[in-house]
Amino acid sequence: MQSPAAVADIIRRSQTASPSPLARNPVSLRLYKVLGATFDDEATREALSTLSDLYSPSESTLVAKKEDDVSHDEADEADREKVNGVPSFLRGALPGDTAAKARKHLRRDIESKLEEGSLRFLAAFGAVDQKLDALQAHITAMRARCEEAQTQLQSTDEACKSLLDRAGTLRDEQQEVKTRQSIVDLFLARFTLSDDEANALSSSNVPVGPTFFAAMDRAQAIRDDCRVLMIGEDSPSKAGLDIMAVTAAHLEKAYDKLVRWCSSEFRGMGRDASLEVPNELSEAARRLRSRPELLAEALTVLAQTRQAATLSSFMGALTTGSATGRAGARPIELHAHDALRYIGDMLAWVHQAIAAEREFLEALLGIDAGARMPGAVRAPAHAADEWLGELMDAAVAGLCGPLRARVLQTVRAQESALSAYKVARLLQFYALTMARTLGARALLATTLGETTAASYAVFFDAIAAQGRALLRVSLDTADASLTPPQAFLAHTQDLRAILALHTAEADDDAAAENEGATIERALDALVDPAVQMCVHAAEEKDAARRRNLPASTTTTGWDRPVFVLNCLTYLADTLAPHACAARKRAALHVQVEARVRELINEHYENVLRDSGLHDAVHACEHASPDEPLSLVPACAPAALRGALSAFAHWLASLDAVHAPRLAALTAPFLHARVHRAVQRRLGRAYAALCARVRDPRARYEAAATLLGAERPFGSAAALWQIFGINEEGGEDDYDEEDEDDDDEASDSAESSATHG
């Protein structure tokens, strides 16, 4: 079905296409107007909707009924005659009839609707008005009763006002009392001990432990807080003085209890060398450090207990070996035959006992040992360190008597100087260690110092006896050996061992400078007899051989200067590696130099004899410059020619560069030095002889021919070349080059002797 607008559009197009007379008809024009109207206006559409609702089919029936004055019975009957909801009088009604009636009766219908609504509104508000009248009556009655209650309330308020004021005052007073009570409770809780705490401090039924220490801390904290409160007061308050007095009394009881408990614990300690320190005991000792007199009383008991326990353990270690801390350990006295081990084991046991005792006391007194090397000096930092030294000294004081007796007995039984020196050095080491550990005034340190002095006395007596015995040694006259004798070698071996022991221990000994006098005294007692022995024995042997042997064989196989030099150089090589023997080595060097000079002079004379120049050289040296040398018998032309010929033959032999006599020297550098010095002197003597022969005052005929007949043809330079000498030396018979060579040879000899 098409809309009116679509229909109007169709009609308009049809008129435009073919105009007809109907277009001018008023009905058509009206129809066109109606159909062409738009109903987009909201108000228009709402009015049309209202009219549609008002004149619905049921409404149209009602309007027709009013219009025809149909009675009520007739309307009911008409309703009964409705078929399918449509009144009978509308059945078959013409279209547009309802709209026509609406245009005719619109005002009347609207007024009827308004009147009907107004009647319903009035009926509803009549009931509301009745309810409001009843409510007003109730409100009036309630207002009257409220005014009556207000009047009664005012009268009651006036009557209770004084009572409320009194109650408020009492409430404020109650709050103030509660505040004061809480302050008092806090004060008492802060500045008084509880019954349990006071009982823990004084009662013997409460053991010393965490509860006791907590109570002591509590009492001390109360005193500290009380002092802080009393600082700002002009004068001490009675409460503060009372608190201080009460807490002081409690602390005194606590310290008395603590001392008695510590003394009891110290008495009950066992015989073990090392003890575990309970935490309670360490804490008790730490607290007693604030009361030195009480701590000293308890530590006295501890010292007595530890002294007895340490002495018992030491005696057990000596005799049974059961107290050494090792299962199946052997008794120390089983090694009494070995002095060094016996004394070393005893001192090591004492040192270990002191170390264990120190660890125990450090744990007991709460002292931090820190990073300290063993044997380092302990500098007391506070009173606890002094107590520590005194306690350790007291703990080992009982060992001094048995230790001293055994050490002295062992030391005095020593006959060997080396063994006595080893024991003395061992005792000195432990004496220094104990002095640093316990203090120089400790009984054990002084005891070890006395035994060390006694041991050194035995050592010096032993080396003195050994020196006297060495001086009594006589050399075998039948023995032609030039090496040091066996007794001399054994004595020197002891000297080398003593020096090596001193040097090795002095490297780690901080007090090495104090040992200078000791080692110097020992060197004097050891070196001087050896020097005297080799000199006097050599002289006695030389004299005996000269008495007993024929004149032609008195010097064969035996050379006293060489023997003495061999002994002295061997002794000097023994002292060379040790700086502590520098003084003695210098003294030996002086003696060696004197012997070398003596050997050079003797060897020079022997070389002059062997070379044939002895008589000529001595005649030339002693002849007057103005006297003709040719007239001297030893320097006559024939004698001089024979001497120069013998000298030439000697230069061609091995004796010119190597002396068999000097080969017996055990120090190679001495052989080269002596022979080189003799060569220089021989060269200077030959040059002087040639110069005198060439001198016209000597009155030689054909002096050049006489000197040039045999090697070295009267040339000193040629003689230096034969000897392998570049130039003449100085007055000391050898030049700096030779001296350097001699030093190198000496160093090599010393090195070989040291390693040997």
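In the nomenclature of an unreviewed UniProt entry, the protein chain corresponds to Conserved oligomeric Golgi complex subunit 6 from the organism Lactarius akahatsu. What the UniProt record of the protein chain gives under Subunit (unreviewed entry) is the line "Component of the conserved oligomeric Golgi complex." Recorded under Sequence similarities (unreviewed entry), the UniProt text for the protein chain is reproduced unchanged: "Belongs to the COG6 family."

**Student:** Now, about the overall build of the protein chain: what can you tell me, with residues and values included?
**Tutor:** Looking only at helices and strands, the protein chain has 27 helices and zero strands in total. Put simply, the protein chain has 756 residues, and 39% of those count as buried. If you take every contact in the protein chain between residues at least 6 apart in sequence, the share linking residues at least 24 apart comes to 75%. A total of about 43,100 Å² of accessible surface is found on the protein chain, and carbon and sulfur atoms cover 55% of it.

**Student:** So what's going on with the side chain of His335? Residues and values would help.
**Tutor:** Relative to the elements of secondary structure, His335 occurs in the loop between α12 (292-319) and α13 (339-365). Among the polar contacts listed, one links the side chain of His335 to the side chain of Arg341, at a separation of 3.2 Å. Those residues in contact with His335 that lie beyond four places of it in its chain are Arg330, Arg341, Tyr342 and Asp345.

**Student:** Outline the UniProt feature "coiled-coil region" (unreviewed entry) in the protein chain, listing residues and values.
**Tutor:** Under the UniProt annotation, "coiled-coil region" (unreviewed entry) lies at residues 132-166. Secondary structure across residues 132-166 divides into 100% helix and 0% strand, with the first and last C-alpha atoms of the span separated by 49 Å.

**Student:** Give a description of the pattern of salt bridges that names residues and reports values.
**Tutor:** The full count for this structure, using the stated rule, is 20 salt bridges. Two residues, Arg120 and Glu116, come together in a salt bridge whose shortest N-O distance is 3.0 Å. Taken together, the residues span about one helical turn, with Arg120 and Glu116 both in helix α7 (residues 106-191) at a distance of four residues. Glu252 is the partner of Arg291 in a salt bridge, and the nearest nitrogen-oxygen pair spans 3.1 Å.

**Student:** Account for the packing of α12 against helix α15 (residues 400-412), with residues named and values stated.
**Tutor:** With their axes 10 Å apart at the nearest point, α12 and α15 run at an angle of 30° to one another. Classified by the angle between their axes, α12 and α15 sit roughly parallel to one another. The segment α12 lies against α15, with Leu311, Phe314, Met315 and Leu318 engaging Pro402, Leu403 and Arg406. A breakdown of the residues in the contact of α12 with α15 according to their chemical character gives six nonpolar, no polar and one charged.

**Student:** A description of the nonpolar core should follow, citing residues and the corresponding values.
**Tutor:** Membership of the largest hydrophobic core comes to 166 residues, with the highest contact counts inside it found for Phe266, Leu444, Phe459 and Leu613. The element contributing the most residues to this core is α13, with 13 residues. Residues contacting Phe459, with those up to four places away along its chain left out, are Ala417, Ala420, Tyr421, Ile498 and Ala522.

So, how was this worked out
- Residues numbered from 1 in each chain as written.
- Predicted model: local features only at pLDDT ≥ 70, side-chain atom pairs only at ≥ 80, totals over all residues.
- Heavy atoms only, no water.
- UniProt positions renumbered as here; feature names shortened; annotations may be inferred.
- Helix = DSSP H or I, 4+ residues; strand = E, 2+ residues; numbered from the N terminus.
- Buried < 20%, exposed > 50% of the residue type's maximum accessible area, 1.4 Å probe, protein only.
- Contact = heavy atoms within 4.5 Å.
- Areas by Shrake-Rupley, 256 points an atom, 1.4 Å probe, with all protein chains shown as cover.
- Polar contact = N/O pair within 3.5 Å; in protein donor to acceptor, adjacent residues only side chain to side chain.
- Salt bridge = Lys/Arg side-chain N within 4 Å of Asp/Glu carboxyl O.
- Axes fitted to C-alpha atoms, helices over the stretch in contact; angles between N-to-C directions.
- Parallel < 35°, antiparallel > 145°, perpendicular 65-115°, else oblique.
- Nonpolar A, V, L, I, M, F, W, Y, C, P; charged D, E, K, R; others polar.
- Core = buried A, V, L, I, M, F, W, Y, C linked by side-chain atoms within 4.5 Å.

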